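Each chain, written out:
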Amino acid sequence: MNLQTLDNSLQKGLRHLLVALMAAMALDVLWQIFTRFFVGDPSVWTEELARFILIWLGCLGAAFGVGEGFHLRMDYFLQKTRPAHRAQLERLIPAFVLLIALSVFVFGGTRLAYLAHELKQTSPALGIGMIWVYAVIPASGLIMVISCLQQMTSPHSHPETVTD
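Below you will find a few notes about this structure. From a predicted model like this one, the values you see are computed outputs, not experimental measurements. (Residues numbered from 1 in each chain as written. Predicted model: local features only at pLDDT ≥ 70, side-chain atom pairs only at ≥ 80, totals over all residues. Heavy atoms only, no water.)

1. Structural notes on helix α2 (residues 46-68)
With 23 residues, α2 extends 31 Å between its outermost C-alpha atoms, agreeing within 8% with the 33 Å of an ideal straight helix rising 1.5 Å per residue. Where α2 ends, the next residue or the one after it, G69, has phi of about 85°, a positive value. (Helix = DSSP H or I, 4+ residues; strand = E, 2+ residues; numbered from the N terminus. Expected span 1.5 Å × (residues − 1).)

Right under this line is the structure:
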C-alpha cells in the first residue's frame, strides 16, 4: 500500500468516524437535556461523555483538516511567492506541520497517555481509564504525519494549491 492510498483510506475512515462522533455527541446532549428538564434528575455521566467526545472530535478533526488541507497553509506567503519557488514552499509548509504533529501530538500525546496509564487515572463519572481519552492525541498526530508526508512527496495533490 502506497502513502497516497493509505492517506486516502485514513481520510475516508476519519470522515465516517467524525460523523459517528458528532451523532453520538448529539444523542448524548439530547439525553442530558431530556433527563434534566423532563425527568428532573440529570444524568451524571452525559456531561463527562460530551467532554470526552469533544476532545476526540477536536483531535481527529484537526487530523482530518491536515489531510484535507483545511489547516493553516500560510496562504499569504504562497500568494506572494513567485511560481518558481512556490513548489518548494508547498513542500516546506507540510514539513512545519509535520514537526508540530510529531513534537506536540505524537511525542507529547504519547507521554500524556502513558502518564495517565501509569497513574491509573480514571474518569469520575464514567470510570474509564483516562488513557482511552488521551490515546486520541498521538493517534491523530500519526494521521497528521502520514498526511504531511503524502503532501510533501506529491505537493500537487493538495486540494487548495494556490494558483496565479
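From this point, the discussion proceeds with the structure in view.
2. Let's talk about the packing of helix α1 (residues 3-39) against helix α6 (residues 136-153)
Across the interface, α1 lies against α6 with an axial gap of 9 Å and an inter-helix angle of 135°. As summarised for this structure, α1 and α6 are arranged oblique, according to the angle between their axes. Here α1 and α6 pass one another in a crossing that is left-handed. Of α6, the residues touching α1 (which contributes L3, Q4, L6, D7, L10, Q11 and L14) are I143, I146, S147, L149, Q150 and T153. (Axes fitted to C-alpha atoms, helices over the stretch in contact; angles between N-to-C directions. Parallel < 35°, antiparallel > 145°, perpendicular 65-115°, else oblique. Left-handed = near helix turned anticlockwise from the far one by under 90°. Contact = heavy atoms within 4.5 Å.)

3. Some remarks on the pattern of salt bridges
One pass over the full model with this rule turns up 1 salt bridge. A salt bridge links E68 to R15; its shortest N-O distance comes to 3.7 Å. Here E68, found in helix α2, pairs with R15, found in helix α1; they are 53 residues apart in sequence, far enough to count as distant. (Salt bridge = Lys/Arg side-chain N within 4 Å of Asp/Glu carboxyl O.)

4. Some details on the packing of helix α4 (residues 83-118) against α6
The contact between α4 and α6 brings their axes to 8 Å, and the two run at 160°. Looking at the two axes, α4 sits roughly antiparallel to α6. Where α4 crosses over α6, the two elements pack in a sense that is left-handed. Contacts between α4 and α6 pair R91, P94, A95, V97, L98, A101, L102, F105, V106, G109, T110 and L112 from the former with I137, P138, S140, G141, L142, M144, V145, C148, L149, Q151 and M152 from the latter. Its residues assigned to classes, the contact of α4 with α6 comprises 17 nonpolar, 5 polar and 1 charged. (Nonpolar A, V, L, I, M, F, W, Y, C, P; charged D, E, K, R; others polar.)

5. A word on the packing of aromatic side chains
Taken as a whole, this structure holds 2 aromatic pairs when the rule is applied. When the ring of W31 is compared with that of F34, the centres are 5.6 Å apart and the planes differ by 35°; the resulting orientation is tilted. With W31 and F34 both in helix α1, this residue pair falls 3 residues apart, about one helical turn. Assessed through its relative accessible area of 42%, W31 is described here as partly exposed. A centroid spacing of 5.8 Å and a plane angle of 35° characterise the contact between F34 and F38, whose relative ring orientation is tilted. Taken together, the positions of F34 and F38, both in helix α1 and 4 residues apart, correspond to about one turn of that helix. Using a relative accessible area of 38% as the deciding quantity, one classes F34 as partly exposed. (Phe/Tyr/Trp six-rings, centres within 6.5 Å; stacked < 30°, edge-to-face > 60°. Buried < 20%, exposed > 50% of the residue type's maximum accessible area, 1.4 Å probe, protein only.)

6. Notes on unusual backbone geometry
One non-glycine residue, K120, lies in the positive phi region at around 55°. Topologically, K120 is positioned in the loop between α4 and α5 (130-134).

7. A look at the nonpolar core
In terms of nonpolar packing, the biggest core is built from 29 residues, with L14, L57, L60, M130, Y134, I137 and M144 touching the most fellow members. Setting aside chain neighbours within four positions, we find L57 in contact with L18, L21, M22, M25 and A62. (Core = buried A, V, L, I, M, F, W, Y, C linked by side-chain atoms within 4.5 Å.)

8. Topic: α6
If you check α6, its first and last C-alpha atoms are 26 Å apart, about what 18 residues at 1.5 Å a residue would give, namely 26 Å. Extensive coverage of α6 is indicated by the burial of 13 of its 18 residues.

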